[in-house]
Amino acid sequence: MSKGQTITEADVRHVAKLSRLHVSEDDVHHFTEQLAAVLDYIGKLNELDVDGVESMAHPLELVNVLRADQERPGMSTDSALANAPAKTPPFFKVPKVLGDGPSA
Amino acid sequence: MNPTDTTLTELRDAIAVKAVSAAEATRAYLDRIQAHDNGDAGLHAYHEVFADRAIQRAEAVDRGEVTGPLAGVPIAIKDLLCTDYGYTTCSSKMLENFRAPYTATAVKKLEDAGAVILGKTNMDEFAMGSSTENSAFVTTRNPWDTDRVPGGSSGGSAAAMSADLCAASIGTDTGGSIRQPAALCGVVGMKPTYGRISRYGLIAFASSLDQVGPFTRTVADTALLLKVMMGHDPLDSTSANVEVPEDIDRVDEAPGNMRIGIAKEYLSDSNDPSVAAATQKAIEVYKDFGAEIVEVDLPHTEYGIPVYYIVATAEASSNLARYDGVHYGHRTDKAADLIDLYCRSRAEGFGDEVKRRIMLGTYALSSGYYDAYYNRALKVRRLIKNDFDAAFEKCDAILCPTTTAPAFKIGELADDPLAMYMNDVYTVNCNLAGNAGISLPGGTATVDGKELPVGVQLLGPSFDESRLLKIARVFEAATDHHTRRPGV
């Protein structure tokens with residue numbers, strides 16, 4: 001992250017793809033402008049020497065919190081499917097994932 | 001008594017001695033919501049009101065079937081805390097029709113204590129914003145000046161409290177989303193220490209920052225709600241297994257010798273004069289009370305916003321990956337294949353600010369940028385926490401403004417994401433470090449002929465909310481700012 005480096009429209013198209021967001025060409029243009037301004041501001045972090053500083057991902061120093069290995073009820077299938085926009089109980093419905101295969 | 005012109009504690013006590021019934025109190029709030037929240041001139045603090053359910057619950061309190069420290073008091077909930085009744089939308093088209101299968105622990109604890117849940121409040125979509133303008137449904141108006149924003153993201157909860165459309169309300173604070181709207185609406189708003197209140201059933205934005213907290217009229221009311229909501233929850237492995245101090249609601253006890261820290265980094269020349277004056281007056285209040293005023297250094301303050309917009313967006317990009325158009329939420333009707341289903345469902349369901357943040361976070365975590373952005377931000381986050389740890393060696397609480405200025409106008413910052421982000425400049429470091437913060441009504445400023453509230457903020461060390469509340473109460477007891485109401 002060197003000062004002055006900025007995000008390009010190609011980067012935004014790539015990031016949108018990674019994010020699973022469909023974006024129009026107009027979107028790409030204005031998101032690029034807005035993200036470039038934010039990233040330029042974030043470049044401020046380069047002013048600091050952080051060599052040897054320990055990363056802090058979380059306020060609490062927790063490691064591997066485990067619960068007791070006890071049986072308990074889970075969510076029912078009906079409840080899990082209740083908000084599904086498309087379903088064939090007991091399944092969620094999705095577009096065909098695999099192709100039809102080579103035609104005979 | 002008028003049940004809508006009182007504090008939470010007073011109303012609770014009046015219901016307990018049957019000076020007013022819970023049903024009367026609930027009806028009185030529902031009437032005010034009907035009169036002031038809806039229509040062209042309404043505040044639009046609520047997204048959904050549970051009128052019938054609330055009255056039934058209140059009647060159960062009146063019959064003695066429901067008891068507890070909050071028996072019969074009507075409370076509003078930010079619409080990202082799950083309830084297994086009504087909808088939980090996060091003010092997003094993505095979840096417009098979502099009915100949660102379970103209730104958030106924080107809400108369940110309120111109900112177990114006898115509270116009557118009035119409804120769910122409007123917010124910035126997925127808690128991303130500082131004005132409620134990012135709500136997919138409506139912009140909430142500031143009760144003090146309806147041309148202005150209430151702040152955000154918990155703007156609906158703040159406006160509902162400010163306009164007495166509830167006896168208390170609940171929000172969440174990821175970078176200032178309780179304290180900033182509390183300041184802009186002239187009410188008390190608190191973010192407890194990270195992990196104090198369970199996040200189970202809180203729809204995640206940034207999991208290492210999100211924290212539930214209350215909006216109230218007074219410090220004592222905040223303490224009462226904290227006492228009910230705090231505590232370890234086996235359903236949230238990041239909820240802190242730290243005992244809730246039994247004196248948390250004894251806010252009137254003398255705080256003992258107070259050392260109040262003042263940090264020059266929070267007293268910028270660019271603060272609005274009304275904000276600078278409110279902070280200065282608060283310093284005088286503590287001096288008069290015999291507190292020692294000490295200078296503390298928080299040299300990494302200015303790096304808080306850049307760190308936050310890496311950490312919070314990185315976590316959001318991961319948390320919001322669950323919205324896939326398959327399990328729940330919006331689904332496109334134009335999908336060519338599975339990937340297209342994801343991409344179009346998400347593009348149609350999310351607003352622009354949510355998309356910006358998902359993309360920014362994805363970028364910061366993507367191959368080749370992880371160390372330069374995300375890991376560097378985590379290191380600076382450590383420096384910010386170290387600043388606070390050093391400061392709290394020298395003082396018991398840091399006194400500073402909550403925001404740089406009173407409420408801005410609706411639309412004023414809508415096209416400038418970076419300017420909007422700067423709203424969190426005095427609140428965000430508290431989330432990054434994980435410590436506690438409270439915003440108190442600190443006075444008013446007159447802008448364009450209208451009176452607008454100004455907040456003062458106290459930041460305290462982690463897991464000592466008890467003392468922070470006592471210190472806050474000293475300021476409240478010496479001033480009458482918390483008694484001021486908008487003309488609603």
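Please refer to the structure placed before this passage.
Residues numbered from 1 in each chain as written. Chains lettered and ligands numbered in written order. Predicted model: local features only at pLDDT ≥ 70, side-chain atom pairs only at ≥ 80, totals over all residues. Heavy atoms only, no water.

**Student:** Would you mind showing me how to read the overall build of chain B here?
**Tutor:** When its secondary structure is counted, chain B shows 15 helices and eleven strands. In terms of overall size, chain B behaves like a compact globule, its C-alpha atoms giving a radius of gyration of 21 Å where 488 residues would be expected to give roughly 23 Å. Considering only contacts within chain B whose residues lie at least 6 apart along the sequence, 76% involve residues at least 24 apart. Summed over all atoms, the accessible surface of chain B reaches about 15600 Å², with 47% contributed by carbon and sulfur. The distance from the centre of the 47 positive side-chain charges to the centre of the 66 negative ones in chain B is 2 Å. (Helix = DSSP H or I, 4+ residues; strand = E, 2+ residues; numbered from the N terminus. Rg over C-alpha atoms; globule rule 2.2 N^0.38 Å. Contact = heavy atoms within 4.5 Å. Areas by Shrake-Rupley, 256 points an atom, 1.4 Å probe, with all protein chains shown as cover. Lys, Arg positive; Asp, Glu negative; His and termini not counted. Charge placed at Lys NZ, Arg CZ, Asp CG, Glu CD.)

**Student:** Hey, could you run me through the packing of aromatic side chains in this one?
**Tutor:** Aromatic ring pairs are reported here in terms of the distance separating the ring centres and the angle at which the planes meet. All names here are of chain B. Summed over all chains, the structure comprises 16 aromatic pairs over all chains. Among the aromatic residues, those joined into a ring-pair cluster are F98, F126, Y323, Y328 and F350. The ring of Y85 is capped by R53, whose NZ or CZ atom sits 3.4 Å from the centre of that ring. (Phe/Tyr/Trp six-rings, centres within 6.5 Å; stacked < 30°, edge-to-face > 60°. Lys NZ or Arg CZ within 6 Å of the ring centre and 35° of its normal.)

**Student:** For this particular structure, what's the right way to read the interface of chain A and chain B?
**Tutor:** It is common to give the size of an interface as the accessible area that goes away when the parts come together. Each partner contributes residues to the interface: chain A has 51 residues there, and chain B has 68 residues. Of the roughly 5400 Å² buried where chain A meets chain B, counting both sides, 70% is carbon and sulfur surface. If you look at where chain A meets chain B, you find three salt bridges. The tally of links between chain A and chain B comes to 18 residue pairs in polar contact (both at pLDDT 80 or more). Listed by contribution, the elements that provide at least two residues to the side of chain A that touches chain B are α1 (9-18), α2 (25-42) and α3 (77-81) of chain A. Broken down by element, the residue count for the side of chain A that touches chain B peaks at nine residues, all from α2 of chain A. Its residues assigned to classes, the side of chain A that touches chain B comprises 33 nonpolar, ten polar and eight charged. (Buried area = accessible area lost by both parts, 1.4 Å probe. Salt bridge = Lys/Arg side-chain N within 4 Å of Asp/Glu carboxyl O. Polar contact = N/O pair within 3.5 Å; in protein donor to acceptor, adjacent residues only side chain to side chain. Nonpolar A, V, L, I, M, F, W, Y, C, P; charged D, E, K, R; others polar.)

**Student:** Where do I start with empty space enclosed by the protein in this structure?
**Tutor:** Residue and element names in this part refer to chain B. Within the structure shown, the criterion is met by five cavities of 30 Å³ or more. Taken as a whole, the largest cavity holds about 60 Å³ of empty space. Taken together, A127, G129, S130, G152, G175, G176, S177, Y308, Y309, R357 and D424 make up the full set of residues lining the largest cavity. Tallied by class, the residues present in the lining of the largest cavity amount to three nonpolar, six polar and two charged. (1 Å grid on protein atoms, 1.4 Å probe; cavity = no way out; pocket = protein on both sides within 12 Å on 5 of 7 lines; lining within 4 Å. Points joined across faces, edges and corners; volume = space filled by probe spheres on them.)

**Student:** What am I meant to see in the environment of T332 of chain B here?
**Tutor:** Residue and element names in this part refer to chain B. Topologically, T332 is positioned in the loop between α9 (304-319) and α10 (338-349). In this structure T332 comes out as buried when scored by relative accessible area, which is 6%. Measuring from C-alpha to C-alpha, the distance between T332 and V251 comes to 52 Å, with 81 residues separating the pair along the chain. Contact partners of T332, with chain neighbours within four places excluded, come to L341, R344, S345 and E348. In terms of polar contacts, T332 uses its side chain to reach the side chain of E348, at 2.8 Å. (Buried < 20%, exposed > 50% of the residue type's maximum accessible area, 1.4 Å probe, protein only.)

**Student:** Explain the packing of helix α7 (residues 219-229) of chain B against helix α15 (residues 465-478) of chain B here, please?
**Tutor:** Helix-helix packing: each pair is described by the crossing angle between the helix axes and the interaxial distance. Residues and elements named next belong to chain B. Axis separation between α7 and α15 bottoms out at 9 Å; the angle between their running directions is 160°. The orientation of α7 with respect to α15, classified from their angle, is roughly antiparallel. On α15, the residues that touch V219, T222, A223 and L226 of α7 are L469, A472, R473 and E476. When its residues are assigned to classes, the contact of α7 with α15 shows five nonpolar, one polar and two charged. (Axes fitted to C-alpha atoms, helices over the stretch in contact; angles between N-to-C directions. Parallel < 35°, antiparallel > 145°, perpendicular 65-115°, else oblique.)

**Student:** I keep staring at the environment of A254 of chain B and nothing clicks. Help me out?
**Tutor:** Residues and elements named next belong to chain B. Secondary-structure assignment places A254 in the loop between α7 and β7 (259-263). Overall, the relative accessible area of 67% leaves A254 in the exposed class. Sequence-wise, A254 and R467 are 213 residues apart; in three dimensions their C-alpha atoms are separated by 9.6 Å.

**Student:** What's the story with the sheet that holds strand β4 (residues 168-172) of chain B in this structure? I'm lost.
**Tutor:** Residues and elements named next belong to chain B. Taken in spatial order, the eleven strands of this open sheet run β1-β3-β2-β4-β6-β5-β10-β11-β9-β7-β8, and their pairing is mixed. The open sheet has two edge strands, β1 (46-49) and β8 (292-296), and neither has a second partner. The average undirected angle you get between the axes of adjacent strands in this sheet is 30°. Across four bridges, strand β9 (residues 397-401) lies against strand β11 (residues 450-460) in antiparallel orientation. Each bridged residue has a counterpart across the sheet, and for L399 the counterpart in β11 is L458. This element, helix α2 (residues 22-36), spans β1, β2 (74-78) and β3 (116-121) of the sheet and lies at about 20° to β3. Here α7 sits on the sheet in contact with β2, β4, β5 (188-191), β6 (212-216) and β10 (436-447), set at roughly 150° to β6. (Pairing = 2+ DSSP bridges.)

**Student:** What is the right way to read the pattern of salt bridges from this model?
**Tutor:** Opposite charge on two side chains makes pairing possible when the charged atoms of those side chains draw close. Residues and elements named next belong to chain B. Tallying each qualifying case throughout the model produces 41 salt bridges over all chains. We note a salt bridge from D448 to R148, for which the minimum N-O separation is 3.1 Å. Taken together, the positions of D448 in the loop between β10 and β11 and R148 in the loop between β3 and α5 (155-162) put the pair 300 residues apart, joining distant regions of the chain. Of the residues examined, D448 reaches a relative accessible area of 58% and is grouped as exposed. With a relative accessible area of 5%, R148 lands in the buried category. K334 serves as the salt-bridge partner of D333, at 4.0 Å between the closest nitrogen and oxygen. In this pair, the class of D333 matches that of K334, namely exposed. What emerges from the salt-bridge pattern is a single network uniting D145, R148, K409, D448 and K450.

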